[in-house]
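# Notes for the structure review
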Amino acid sequence: MEYNNNVIRRQDRLLSNEGVLSLLRTGEYGVLSMIDNREDKEMAYGVPVNFAWDGKESVYIHCAPEGRKLRCLGKNASVSFCVVGKTKVIPDKFTTAYQSIILECQAETGLAEDERRKALHLILEKYSPDHVETGKKYVERSFGRTNVIKLNIIRWSGKSKRMM
């Protein structure tokens, strides 16, 4: 996994490595962008999703056992994942303060049951920390109709504009 900000044009707006890690831990949602090959035509497809970072080199996303995301990934597992943190429009300055990270990833599906369960628990702990025990029961009841996508992070970059 490589933290690479060399491709960012505005080097004065780099988000620190610590800022990227914080946003990976706390970001509310991310946008998963893929290529959808439909009718011999490549189309861009992006969808906002909840996610949990494993604290190492992967991000997990839950989904249904079938659908457009899985069809896209079955044909091309190279994806982009964008997380936007705090934003604030500053009308009188005609700008926006923001934090964002972009992850270049290789998606993986067909995970073993134990890894899927672990991923669902990470998502549960992130989004429902006060309801973990009830959530574990929910995970077990819905496990058969829930799939998990693992995004193996290859490279990341981060950007911010501070005006707050």
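These numbers were taken from a predicted model, which means no experiment stands behind them.

## Digging into the nonpolar core
Judged by nonpolar contacts, the single largest core of 28 residues is most densely connected at Leu32, Val59, Phe81, Leu103 and Leu151. Those elements that provide at least two residues to this core are helix H1 (17-26), strand S2 (30-38), strand S3 (41-49), strand S5 (58-63), helix H2 (68-75), strand S6 (78-90), strand S7 (95-108) and strand S8 (147-161). Residues contacting valine 59, with those up to four places away along its chain left out, are Leu24, Phe51, Ala52, Trp53, Phe81, Leu103, Ile149, Lys150, Leu151 and Ile153. One finds Ala119, Leu120, Phe143 and Val148 within the second-largest nonpolar core, a separate group that totals seven residues.

## Section: the pairing of S7
Bridging between S6 and S7 involves eleven bridges; their strand directions are antiparallel. Across the sheet, the residue bridging to cysteine 82 is isoleucine 102, located in S7. Hairpin connection, S6 to S7: the antiparallel pair is bridged by four residues, and phenylalanine 94 has positive phi, about 60°.

## Observations regarding H2
By the burial criterion, the buried members of H2 are Lys69, Leu70, Cys72 and Leu73. Buried residues in H2, looked at end-on, bunch into an arc of 160°, giving them a common side. In H2, the exposed positions that point more than 90 degrees away from the buried face belong to Arg71, Gly74 and Lys75.

## Here's the deal with the layout of surface pockets
One number sums up the size of the largest pocket: a volume of about 270 Å³. Split by residue class, the lining of the largest pocket holds seven nonpolar, five polar and one charged.

## A short note on the packing of aromatic side chains
Scanning all chains against the criterion turns up one aromatic pair. Here the aromatic rings of phenylalanine 51 and phenylalanine 81 are separated by 5.2 Å at their centres, their planes lie at 80°, and the arrangement is edge-to-face. Of this pair, phenylalanine 51 sits in the loop between S3 and strand S4 (52-53) while phenylalanine 81 sits in strand S6, and the two are 30 residues apart along the sequence. The pair phenylalanine 51 / phenylalanine 81 is uniform in exposure class, with both members buried. Stacked on the ring of tyrosine 45, the Lys or Arg arginine 68 has its end atom at 3.8 Å from the ring centre. Its end group placed over the ring of phenylalanine 143, arginine 117 keeps NZ or CZ at 4.1 Å from the ring centre.

## A short note on the pattern of salt bridges
Applying the stated rule across the entire model yields five salt bridges. Close ionic contact of glutamate 115 with lysine 150 constitutes a salt bridge, the shortest N to O distance being 2.9 Å. Note that glutamate 115 is positioned in helix H3 (residues 113-127) and lysine 150 in strand S8, a separation of 35 residues in sequence. A single burial state applies to glutamate 115 and to lysine 150, both of which are buried. The shortest N-O distance in the salt bridge between lysine 136 and glutamate 133 comes to 3.8 Å. Within this pair, lysine 136 and its partner glutamate 133 are both found in helix H4 (residues 132-142), separated by three residues, close to a single helical turn. For lysine 136, a relative accessible area of 31% gives the class partly exposed.

Reading the values: rules and limits
Residues numbered from 1 in each chain as written. Predicted model: local features only at pLDDT ≥ 70, side-chain atom pairs only at ≥ 80, totals over all residues. Heavy atoms only, no water. Core = buried A, V, L, I, M, F, W, Y, C linked by side-chain atoms within 4.5 Å. Buried < 20%, exposed > 50% of the residue type's maximum accessible area, 1.4 Å probe, protein only. Helix = DSSP H or I, 4+ residues; strand = E, 2+ residues; numbered from the N terminus. Contact = heavy atoms within 4.5 Å. Pairing = 2+ DSSP bridges. Arc of directions from axis to C-beta. 1 Å grid on protein atoms, 1.4 Å probe; cavity = no way out; pocket = protein on both sides within 12 Å on 5 of 7 lines; lining within 4 Å. Points joined across faces, edges and corners; volume = space filled by probe spheres on them. Nonpolar A, V, L, I, M, F, W, Y, C, P; charged D, E, K, R; others polar. Phe/Tyr/Trp six-rings, centres within 6.5 Å; stacked < 30°, edge-to-face > 60°. Lys NZ or Arg CZ within 6 Å of the ring centre and 35° of its normal. Salt bridge = Lys/Arg side-chain N within 4 Å of Asp/Glu carboxyl O.

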